[in-house]
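Fold and contact review
Here are the chains, one letter per residue:
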Amino acid sequence: PPASNTGGRTGAEQRDVHSVKKTNYVMVNGRLKEIILRQGHKTAAHIDTLTFTLTKDVFIDHETQIDDAHPENVRNLAEKISETLHTIFGFGIYEQKNGINGYKYSFVMGTDSVKYGVAAFGGLNQRDSIMIHLYGDGLTAALDGWEKRLYSWFSAFAPFAKITRCDLAHDFFNGEYTPDQAYTDWQAGGYDNRHMRPRARMHGYDWLDDQRTGKTFYIGTPTSSRMVRIYDKGCEQGDKSSPWVRFELQIRNRDYIIPHDILINAGGYLTASYPV
């Protein structure tokens with residue numbers, strides 16, 4: 001069936017699906033460009049990026065050594081992580097890469113042309129933690145219902161897993177909300193938090209000359225626990241005539257505990273985040 005097909009599910013299956021694949025089109029240099037993306041199902045948002053950490057004892061005995069002296073243990077842990085990811089998302093580890101973010105070992109998910117995410121572990125200062133980071137392409141490619149499967153897996157096997165980053169997104173395909181409107185709302189207090197107005201900035205030449213190369217309005221800073229991006233998604237894809245705008249809320253666990261519930265209630269967390 002087509003990627004955007006949502007028919008034929010039972011009532012139970014529909015309750016377990018919190019986002020579905022959708023096809024959108026833009027015109028680039030006179031040619032129609034097809035874009036596969038996700039959209040919240042009976043909710044106002046979908047998850048576009050996700051990072052979580054957990055400890056290795058979820059997969060193997062905590063006393064098992066993970067280092068270069070025990071390559072079979074490294075391989076065994078990678079295989080167990082890959083099996084779990086495949087069950088939840090429909091894909092597993094693709095190949096090993098160099099370490100990242102202080103982790104000694106990293107393994108990418110995806111294909112030769114598209115990276116879905118990365119799993120990383122090992123390292124003296126990581127305290128047996130494992131990091132799983134899913135890109136937007138990975139969550140788009142994931143099998144429908146991944147949110148409920150991950151939520152259930154956390155509940156059963158990793159209740160202390162920490163979500164360290166979660167990006168929530170909503171697409172206004174017909175330009176119902178724009179960067180200009182976001183700027184107006186910010187000025188009017190629509191993004192105030194505890195009577196404080198977060199810093200904001202404009203990005204893109206269109207704020208001055210409007211040649212349809214795209215505008216972005218940022219609310220919050222890169223070091224903030226919450227940062228919003230409202231940008232011309234159609235322009236980003238190369239279509240100057242497209243009204244498509246994306247609203248993204250990036251949440252980090254710097255000042256927050258991000259509950260597992262966000263996986264199955266993404267729209268609620270997005271719409272409750274600011275007065276607007």
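Parameters and conventions
- Residues numbered from 1 in each chain as written.
- Predicted model: local features only at pLDDT ≥ 70, side-chain atom pairs only at ≥ 80, totals over all residues.
- Heavy atoms only, no water.
- pLDDT = per-residue confidence, 0-100.
- Contact = heavy atoms within 4.5 Å.
- Helix = DSSP H or I, 4+ residues; strand = E, 2+ residues; numbered from the N terminus.
- Expected span 1.5 Å × (residues − 1).
- Buried < 20%, exposed > 50% of the residue type's maximum accessible area, 1.4 Å probe, protein only.
- Arc of directions from axis to C-beta.
- Patch = residues over 30% accessible without salt bridge, like charges linked within 9 Å, V, L, I, M, F, W, Y side chains within 5 Å.
- Areas by Shrake-Rupley, 256 points an atom, 1.4 Å probe, with all protein chains shown as cover.
- Salt bridge = Lys/Arg side-chain N within 4 Å of Asp/Glu carboxyl O.
- Lys, Arg positive; Asp, Glu negative; His and termini not counted.
- Polar contact = N/O pair within 3.5 Å; in protein donor to acceptor, adjacent residues only side chain to side chain.

**Quick notes on the confidence of the model for the protein**
- Of all residues in the protein, 95% attain a pLDDT of 70 or more, and the chain-wide mean is 92.
- Confidence drops under pLDDT 50 across residues 1-8; counting only partners more than four residues distant or on other chains, this segment forms seven contacts.

**Focus: helix α2 (residues 71-89)**
- For α2, built from 19 residues, the straight-helix expectation of 27 Å at 1.5 Å per residue is met to within 8% by its first-to-last C-alpha distance of 26 Å.
- Regarding α2, the residues found buried are Asn 73, Val 74, Leu 77, Ala 78, Ile 81, Ser 82, Thr 84, Leu 85, Ile 88 and Phe 89.
- At its buried positions, α2 is contacted by β4 (93-98), β5 (105-110), β6 (115-121), β7 (129-134), α3 (136-141) and α4 (146-157).
- Positive backbone phi, at 100°, marks Gly 90, one or two positions downstream of α2.

**Quick look at helix α5 (residues 179-187)**
- Those residues of α5 not exposed but buried are Pro 179, Ala 182, Asp 185 and Trp 186. The arc that holds the buried residues of α5, viewed along the axis, is 115°, so those residues lie on one side.
- Buried residues along α5 sit in contact with β9 (200-203), α6 (206-209), β10 (216-219), β11 (226-232) and β12 (245-252).
- Note on α5: the residue one or two positions beyond its end, Gly 189, has a positive phi of about 95°.

**Digging into a nonpolar patch on the surface**
- A contiguous nonpolar surface patch, about 320 Å² in accessible area, is contributed by Tyr 25, Met 27 and Leu 32.
- Along the polypeptide, Met 27 turns up in strand β1 (residues 19-28).
- Met 27 gets classed as partly exposed once you look at its relative accessible area, which sits at 39%.

**Brief notes about the side chain of Asp 232**
- Secondary-structure assignment places Asp 232 in strand β11.
- Here Asp 232 is buried and forms no salt bridge, its nearest opposite-charge partner Arg 212 lying at an N-O distance of 4.0 Å.
- At 2.8 Å, the side chain of Asp 232 forms a polar contact with the backbone nitrogen of Lys 215.
- Residues within four places of Asp 232 in sequence aside, it is in contact with Pro 179, Arg 212, Gly 214, Lys 215, Trp 244 and Val 245.

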